[in-house]
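The chain contents come next:
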Amino acid sequence: MALFLILAGLGVLFVLALLEARLILWGLVALGFAAIWQVLIGGAFEPIGLGGLAYLPGILLIAFSVPLVRRLVITAPIYGAVKKILPKVSSTEQEALDAGTVGWDAELFSGKPKWNKLLDVRKPTLTAEERAFMDGPVEEACAMIDDWDTRHNRADMPEEVWTFLKENKFLGMLISKEHGGLGFSAQAQSMIVSKVACRSIAAGISVMVPNSLGPGELLEKYGTPAQKDKYLERLANGLEVPCFALTGPHAGSDAAGMRDSGVVCYGKHEGKKVLGVKLNWDKRYITLGPVATLLGLAFNLYDPENLLGKGTDIGITLGLIPTNHKGVNIGRRHFPSRSAFMNGPNSGKDVFIPLDWIIGGTDYCGQGWRMLMECLSTGRAISLPAIGTVSIKQALRVTSAYARIRRQFSIPVGMMEGVAEPFARIVKDAYMYEGSRAATAAMVDEGQKPSVISALLKYRTTEAMRDRLNDAMDIHGGRAICDGPANYLFSAYQAVPVAITVEGANILTRTLITFAQGALRAHPFLYSEISAAQNDNQKEGLKAFDKAFAGHTAFMLRNICGSLFHNITLGAFASTPTQGPLKKHYQQLHRYAQNFALVGDWVVVVLGGDIKRKQMISGRMADILSDLYLWSTTLKRWEDDGSIAEDLPVVEAIVKDRIAAIEASFQKVFANFPNPVMTFVMRRLVFPFGAYAQPSNDRANYRLAKSMLMHSEQRDRFTRDLYISFDPEDRTGVLEDALKKVEEAADAEKKFIRALKKGIISRRLDRDAIDDAVEQKIINHNEAGLLRAADEATDNVIRVDDFASDELAKVGRSGANSGHIAAQ
């Protein structure tokens, strides 16, 4: 009976923890258990005397459920200690935290995801106007672009391409119709940038930047009526080309540490003495800077005489300056990874501007960092994920064709297991990252500002871009490394370091920002606790801290019990929004989200302010969070695409890969966690039976690779919204043309190769062997024609470019002024 009561009591406590029950309920249960124990085991009910001690835990729990009592006895001492050890959140950090919103990322941090927060996000759809633009002007622009000419002969897009983009308002997609722009959705912007970038990374970036962080978006959101009237329509029509100068020599990833300054003072403007700002700045890596007519500028504003009445140190402020303004030094170029998009430095010394050139006017002086973070939380969710994702999809499109067309050892190279392994990685990532790109853009269209999600997606898509382009290069071999007009991979391969570096270098986005800021923003209680601890009003701070701390305690207990329960039962009782084929995958997602909530919470609690220093652990937690997100959006994509049974194998392979990656990351966190006791407990809670997950197996990967080696609806679906040409004179159209002809000749090819192997005919350097096959009646004349057409098309595909020596000598010549660079 005693054993039964103990087990029953533990079971009840376990359920209370899972339900995050209020403290008073814990107390009542404890009192009830004590009474039952006395009656059934002791034989008498003794609420007083020594027997009354059994009721003490329940009495204390009930007492502590009263906020005033709890604050006096428990919370106040903890609150005092936390106030001393917590690092102060800087103003720029606070603005970054306040700029974004939380959504599905908060559900993952909670460990108990509400599926509607994911599945109710709109499907990736375009309006009729947006689709017409994709099928019209975007197709025309793609057809006009000659990537080799752009990056090799000109180091810029031709004037006719620039003119076409401007006249068709490619540079004004985010500007509202009210102000002369296209007013397109985030989804449309992402897809348009993707499609253009699949033809030329330089062109894609040139379209992307005006529609991301820059003057257009800043004016739309914060500009004065006069500023909007003056500039937005001109920006939308391409009459003004914008750039935004944030990064400087001493402020890269730490952009808030910029040394660029402005001082409020009186000066001359258009012949009149006016109040304004004298600016000094030195910026670099500014995309579109060399061709910009309108410069957005971030600087620290000072007002030593307090002329604006806002104090002497006002803070980061944003200005808008015509590039032909006196003192602006702009026009020289960087050459990042030898990419052709416009990028360069700019500077100014003692440049005076009037106050009405400050974006938003004087009301927005000192609010520049908040403005930038609010724009970045949405812009970064659209721009680089589009470039990274389309590069993977394009790698799939061209590699699937090449791997079927190119033969070695009498078989298509794509049929070889050694080739199928990297090719399957391209297949899976093309599906997975398109799902994440589309879902994230849809979140932005619903009004979310997913700052944490945009950070993780930026680093994951661009890292995947690097890895999958490497795989594609490996499969193509010499065909890929010989650059020239026919090379369709090298341009994107060249640009990989740019994507990795811009809008927050991946190495710091992963290790310093994603999890550390994500924990502050998306954790259910941490942000409230820190805000309370930093409240200057001690009484109000303690009250707020007490409420958050009580919730956090219940959250920790639930995480402990939830992780143990779901891991012992292997997720069999975890929640799921469906009873269909994805049921087990949703249940496992819930299970691993619960594990992430447990470990993430303990990492934050134990490391505290050191979380920014323990960047390797933080980076691994970021990897887990991003894997959970990619897993989530993969499931959503399958649902959004119409639950196509043919695509289920790739979904299952992706899920297996994500689980294996998550378990590996957990293992690395545990191996390096500074508290051995908590490490032991976490390991037992997360892996009660050990870590056993394996990625998708060879057979599954081979089938995925093989399924892509032909024209099919599935191949088109996995590479949707690319520019696809069937023109044999086009550098990618030659692949589609050859693949079609190889498929048509497939049956004849089998007969031909079989005859070769049997020695009935002999292989020759010319195509006379096909005539021999006809004479031997192995194939008929029609089949011979198909074979000749396929053979000629194959030759066109595998041909590589070559040059006269003097042509390559031109490439080595540089217009760079080394003396100027040294002076910089």
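See the structure printed just above.
To start, this report covers the structure provided alongside it.

How each quantity is defined
Residues numbered from 1 in each chain as written. Predicted model: local features only at pLDDT ≥ 70, side-chain atom pairs only at ≥ 80, totals over all residues. Heavy atoms only, no water. Helix = DSSP H or I, 4+ residues; strand = E, 2+ residues; numbered from the N terminus. Buried < 20%, exposed > 50% of the residue type's maximum accessible area, 1.4 Å probe, protein only. Areas by Shrake-Rupley, 256 points an atom, 1.4 Å probe, with all protein chains shown as cover. Lys, Arg positive; Asp, Glu negative; His and termini not counted. Charge placed at Lys NZ, Arg CZ, Asp CG, Glu CD. Patch = residues over 30% accessible without salt bridge, like charges linked within 9 Å, V, L, I, M, F, W, Y side chains within 5 Å. Salt bridge = Lys/Arg side-chain N within 4 Å of Asp/Glu carboxyl O. Phe/Tyr/Trp six-rings, centres within 6.5 Å; stacked < 30°, edge-to-face > 60°. Lys NZ or Arg CZ within 6 Å of the ring centre and 35° of its normal. Expected span 1.5 Å × (residues − 1). Bend = angle between axes of the 7 residues up to and from the residue. Axes fitted to C-alpha atoms, helices over the stretch in contact; angles between N-to-C directions. Parallel < 35°, antiparallel > 145°, perpendicular 65-115°, else oblique. Left-handed = near helix turned anticlockwise from the far one by under 90°. Contact = heavy atoms within 4.5 Å. Nonpolar A, V, L, I, M, F, W, Y, C, P; charged D, E, K, R; others polar. 1 Å grid on protein atoms, 1.4 Å probe; cavity = no way out; pocket = protein on both sides within 12 Å on 5 of 7 lines; lining within 4 Å. Points joined across faces, edges and corners; volume = space filled by probe spheres on them.

Within the protein, the secondary structure is distributed over 34 helices and nine strands. Seen through its C-alpha atoms, the protein measures out along the principal axes to roughly 110 × 85 × 50 Å. Going through the 824 residues of the protein one by one, you find that 55% of them count as buried. Only carbon and sulfur atoms are counted for the fraction: they give 56% of the accessible area of the protein, which is about 35100 Å². The average position of the 94 basic charges and that of the 91 acidic charges among the side chains of the protein differ by 5 Å.

Right, let's get into a nonpolar patch on the surface. A cluster of nonpolar side chains, contributed by Met-1, Phe-4, Ile-36, Val-39 and Leu-40, occupies part of the molecular surface with about 520 Å² of accessible area. When you line up the elements, Ile-36 lands in helix α2 (residues 23-42). The exposure class assigned to Ile-36 is partly exposed, which follows from its relative accessible area of 42%.

Glancing now at unusual backbone geometry. What is expected of a backbone is that most residues other than glycine have negative phi and most peptide bonds are trans. Even without being glycine, Glu-270 reaches a positive phi, approximately 55°. Inspection of the secondary structure assignment puts Glu-270 in the loop between β2 (261-269) and β3 (272-287). For Ser-337, which is not a glycine, the phi torsion comes out positive at approximately 55°. Along the chain, Ser-337 falls in the loop between β6 (328-330) and β7 (343-354). Exposure remark for Ser-337: the relative accessible area of 27% places this residue in the partly exposed category.

Glancing now at the packing of aromatic side chains. Applying the stated criterion to the full structure yields 20 aromatic pairs. Aromatic side chains Phe-109 and Phe-596 sit 5.0 Å apart centroid to centroid with 65° between the ring planes, which places their arrangement in the edge-to-face category. On the criterion of sequence distance, the pair formed by Phe-109 in helix α6 (residues 104-110) and Phe-596 in helix α23 (residues 583-607) is long-range, its members being 487 residues apart. One aromatic cluster is present, formed by Phe-133, Phe-164, Phe-170 and Phe-184 through successive ring pairs. Across from the ring centre of Tyr-266, 5.3 Å away, lies the NZ or CZ of Lys-273, which sits over that ring. For Arg-521, the ring lying beneath its charged end belongs to Tyr-527, and the centroid distance is 5.8 Å.

For the rest of this paragraph, the subject is the side chain of Ser-400. Mapped onto the fold, Ser-400 is located in helix α15 (residues 368-405). Take Ser-400: its relative accessible area is 0%, and that puts it in the buried class.

A word on helix α19 (residues 490-501). In terms of residue burial, α19 counts as a mostly covered element, since nine of its 12 residues are buried. When α19 is considered as a whole, its buried residues turn out to be Phe-490, Ser-491, Ala-492, Gln-494, Ala-495, Val-496, Val-498, Ala-499 and Ile-500. Note on α19: the residue one or two positions beyond its end, Glu-503, has a positive phi of about 50°.

To continue, consider α15. Here α15 spans 54 Å end to end across 38 residues, near enough to the 56 Å set by a 1.5 Å rise per residue. Residue Gly-379 marks the point of greatest curvature in α15, where the axis turns by about 40°. Burial of α15 is extensive: 37 of the 38 residues sit out of reach of the surface.

Moving on, we get to the pattern of salt bridges. What the rule picks out here adds up to 41 salt bridges. Of the charged contacts, one joins Arg-397 and Asp-716 as a salt bridge, the two residues approaching to 2.8 Å between their closest N and O atoms. With a gap of 319 residues between them, Arg-397 in helix α15 and Asp-716 in helix α28 (residues 713-718) connect regions that are remote in the sequence. By relative accessible area, which is 4% here, Arg-397 ends up buried. For Asp-716, a relative accessible area of 37% gives the class partly exposed. The residue Asp-627 makes a salt bridge to Arg-460 at a minimum N-O spacing of 3.1 Å.

This part is about the packing of helix α11 (residues 186-197) against α15. Running from amino to carboxyl end, α11 crosses α15 at an angle of 40°, the nearest separation of the two axes being 9 Å. Between α11 and α15, the crossing angle belongs to the class labelled oblique. Judged by the sense of rotation from one axis to the other, the crossing of α11 with α15 is right-handed. Where α11 approaches α15, its residues Ala-186, Gln-189, Ser-190, Val-193, Ser-194 and Ala-197 are matched on the opposing element by Ile-382, Ala-386, Ile-387 and Val-390. Among the residues making up the contact of α11 with α15, the classes are represented as seven nonpolar, three polar and no charged.

Turning next to the environment of Trp-638. Position of Trp-638 relative to the elements: it lies in helix α24 (residues 615-640). Between the alpha carbons of Trp-638 and Gly-551 there is a distance of 36 Å; along the sequence they are 87 residues apart.

Turning to empty space enclosed by the protein, a few remarks are in order. One pass over the full model with this rule turns up eight cavities of 30 Å³ or more. Roughly 130 Å³ of volume is contained in the largest cavity. Forming the walls of the largest cavity are 16 residues, and the residues nearest its centre are Ala-197, Cys-198, Gln-394, Tyr-488 and Ala-492. Mapped onto the lining of the largest cavity, the elements with two or more residues apiece are α15 and α19. Here the lining of the largest cavity gets four residues from one element, more than from any other, and that element is α15. Taken together, the residues that form the lining of the largest cavity break down as nine nonpolar, four polar and three charged.

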